[in-house]
Amino acid sequence: MKTRNIPVRPALLALALAHALPLWAAEDAKSQLDRVIVTGSRSPVTLRDTLASATVIDRAEIERLQARNLQDLLRGRAGLFFSNNGGQGKATSLFMRGAESDHVLVLVDGVRMGPASSGGFSWQDLPIEQVERVEIVRGPYSSLYGSEAIGGVIQIFTRRAHRPLQPSFSLGIGSEGSQTASAGLSGQSAQGWYAVNLAQQKTDGFNACRGRAAVGSWGQPGYVAGAGCFADDPDRDGYRNRSASLRGGLSFADGWQVDANALLVRARNVFDGSFVNEAEVRQRVLAAGVQQQVNEHWHWSLRLGRSADHAENYKDGIWRSTFNTDRSQAGWQANVKLGQGQVVAGFDWQRDDLESDTAYSQTRRDNRAIFVETRQAFGRHAVQVSARHDHTRQFGGKGTGSVQWGWQLNDALRLSAGWGTAFKAPTFNELYYPGYGNAALKPETSRSIELGLRGEHGWGSWHLQAYENRVDNLIAHDASIFAPGNVDRARIRGAELSGETAFAGWQLRAAFTYLQPKNESAGQYGKWLPRRARQSGRVDIERSFGDVELGLTVVGAGKRYDDLANRRPLAGYGSTDLRLGWRFAPGWQVQAALENVFDKAYETAEFYPQPGRTWLVTLRYGGE
């Protein structure tokens, strides 16, 4: 038997580069570790104190980067890799730490998102103008959140109030007929807060697919197979999105607080396809909660939520199919201070309802779960232990757990290690689709280990993480039963380096990922998992000259394959974006972004080109 070790050369090189950075002062870089994150432990902790491998992106950074969508904001960051089917609004998948695209849990204001039919999350449809903050937690977190959190968890928070009265406004115009607009009003006081925000975006797009339709009949002379979108349709494929968000809350005596929020999104997407080429999408998030800080040692909260993912599909304006998911959830949680740490425990309930013109054999599924977590500090050591048990009638009970440990070696360095298990429940398509589903499917499971080292210095901070994730019972077509089966498995190893510093007035942030995403399934052993590069990274450089801000972003990735057999390679690529901002009056700013400056042609999914050189000019008032 061969011994396979986690690759250490890329990690050692990254560590050497981190120590070689110039020793310039970086107060802004150090302040990043003072940001608060709740996703990694279901309670507020600063990035400096969390044991999670985590990133927080706030509204100020979103506006400074001039990101058009969530993919632009997140691409190239440590452990994250996207594939996209042809630009703005087109189907987008995220691979976190090399896991499958439906192995990342997405929460919006604490509410679980995604369709029960196919799984995953529609990254392309959540508008960036509605986003206040994004929290990224890498690694297995089913022990806190249940299904899907194999690669990690991403939580998105909608716009919130920061001042007593804060109006905001933006208007943008750009290439490919792009138009954006938003308007909002928010406010807060000692007794309460509110925020209302409206947004709209549209683009005429470009030809999103260079595929082709089949010619002739299969098995007959002269037959040519189709490819890509299996259609000859060289037209512009546009996109439109309209959204509204509302949130508010009140504080009362004796530590009581109530709050509620809503997000409504409606999108229309035009694309190339032989069976459908247009979709009307509606997403909705509703949530409300009550909480009480009973005393300095005990806090509890009760939250109710409901999400909707509705899709109507058309072919040349003629309706073809409907897939509507409505998800209800409720959760109670208690936080109790204990010694130098705390204990978090609670109960989660979830119900998925599927409505479709397709006659699924089952259209409802309930899940109940209990969880407990403890975080404790012992001198220079910190430990976080969590466990959870989920139960659903479809596959019975499923237990998961994790252990994380941190050791503050000195004032600058912290060593960390972690182990965890996670799972992903089968989708309704895999279980109940007529003529295809297999109701005997088991959940996909994983077990992970990781080792990390973090440095915090006068010149900035950096974080190095190495990990291995073994995923079993992956669901794929089982030729022996002509249906889905738990027949695949994978072994993913990787290393991530991220850091930030400042020099001579310039701010520098960088992230690099090295990945070995290996398939260990029968017949595909040793192949790379599709659409995941071995090397990827991102560099952001920014500087302010009084009221003028300059920025540059470079994102790149190495060679990938588009298929399981590794016969269809996708070339590596690099893309450069430039941006300029000018604060010409109090509260007012004009921004200009030039994306893919060198007009590089590349694809993240075969036959689906990415946009060439594009531009967007935005007038903005208020905001961060």
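Right, let's walk through the structure included here. (Residues numbered from 1 in each chain as written. Predicted model: local features only at pLDDT ≥ 70, side-chain atom pairs only at ≥ 80, totals over all residues. Heavy atoms only, no water.)

Here's the deal with the overall build of the protein chain
In terms of regular secondary structure, the protein chain is built from six helices and 35 strands. Here the C-alpha atoms of the protein chain give a radius of gyration of 24 Å, agreeing with the 25 Å that 2.2 N^0.38 yields for 624 residues. Expressed as a percentage of its 624 residues, the buried residues of the protein chain come to 55%. For the protein chain, restricting intrachain contacts to residue pairs at least 6 apart in sequence, the fraction spanning at least 24 positions comes to 61%. Accessible surface computed for the protein chain: about 26800 Å², of which carbon and sulfur atoms make up 58%. (Helix = DSSP H or I, 4+ residues; strand = E, 2+ residues; numbered from the N terminus. Rg over C-alpha atoms; globule rule 2.2 N^0.38 Å. Buried < 20%, exposed > 50% of the residue type's maximum accessible area, 1.4 Å probe, protein only. Contact = heavy atoms within 4.5 Å. Areas by Shrake-Rupley, 256 points an atom, 1.4 Å probe, with all protein chains shown as cover.)

Quick word on empty space enclosed by the protein
Throughout the structure, instances matching the rule amount to 11 cavities of 30 Å³ or more. If you add up the space inside the second largest cavity, you get close to 500 Å³. In terms of lining residues, the second largest cavity is bounded by 26 residues, among which Ala54, Thr55, Ser498, Gly499 and Glu500 are the most central. Mapped onto the lining of the second largest cavity, the elements with two or more residues apiece are strand E3 (53-58), strand E24 (460-478), strand E25 (483-503), strand E26 (506-519) and strand E27 (535-545). (1 Å grid on protein atoms, 1.4 Å probe; cavity = no way out; pocket = protein on both sides within 12 Å on 5 of 7 lines; lining within 4 Å. Points joined across faces, edges and corners; volume = space filled by probe spheres on them.)

Details of the state of the cysteines
Across all of its chains, the model carries one disulfide by this definition. A sulfur-sulfur distance of 2.2 Å marks the disulfide that ties Cys209 to Cys229. Disulfide Cys209 to Cys229: torsion about the S-S bond roughly -100 degrees, handedness left-handed. Here Cys229 lies in the loop between strand E12 (192-206) and strand E13 (237-251) and Cys209 lies in the loop between E12 and E13, a separation of 20 residues in the sequence. (Disulfide = S-S within 2.5 Å.)

So, the sheet that holds strand E7 (residues 111-112)
On the basis of which strands lie adjacent, the open sheet formed by five strands has the order E3-E8-E9-E6-E7 and mixed pairing. Across the chains shown, the open sheet's two edge strands, defined by having one partner strand only, are E3 and E7. Sheet analysis places strand E6 (residues 104-108) next to E7, joined by two bridges and oriented antiparallel. Paired with Val108 across the strands is Val111, a residue of E7. (Pairing = 2+ DSSP bridges.)

Details of the environment of Leu73
In this structure, Leu73 sits in helix H4 (residues 70-74). Setting aside chain neighbours within four positions, we find Leu73 in contact with Ile57, Ile62, Leu65, Ala67, Ile128, Val134 and Arg538.

A word on the packing of aromatic side chains
Under the defined criterion, the tally for this structure stands at 14 aromatic pairs. An angle of 70 degrees between the planes, with centres 6.0 Å apart, marks the rings of Phe395 and Phe423 as edge-to-face. Of this pair, Phe395 sits in the loop between strand E20 (381-392) and strand E21 (396-408) while Phe423 sits in strand E22 (residues 413-424), and the two are 28 residues apart along the sequence. When sorted by exposure, Phe395 lands in the same class as Phe423, which is buried. (Phe/Tyr/Trp six-rings, centres within 6.5 Å; stacked < 30°, edge-to-face > 60°.)

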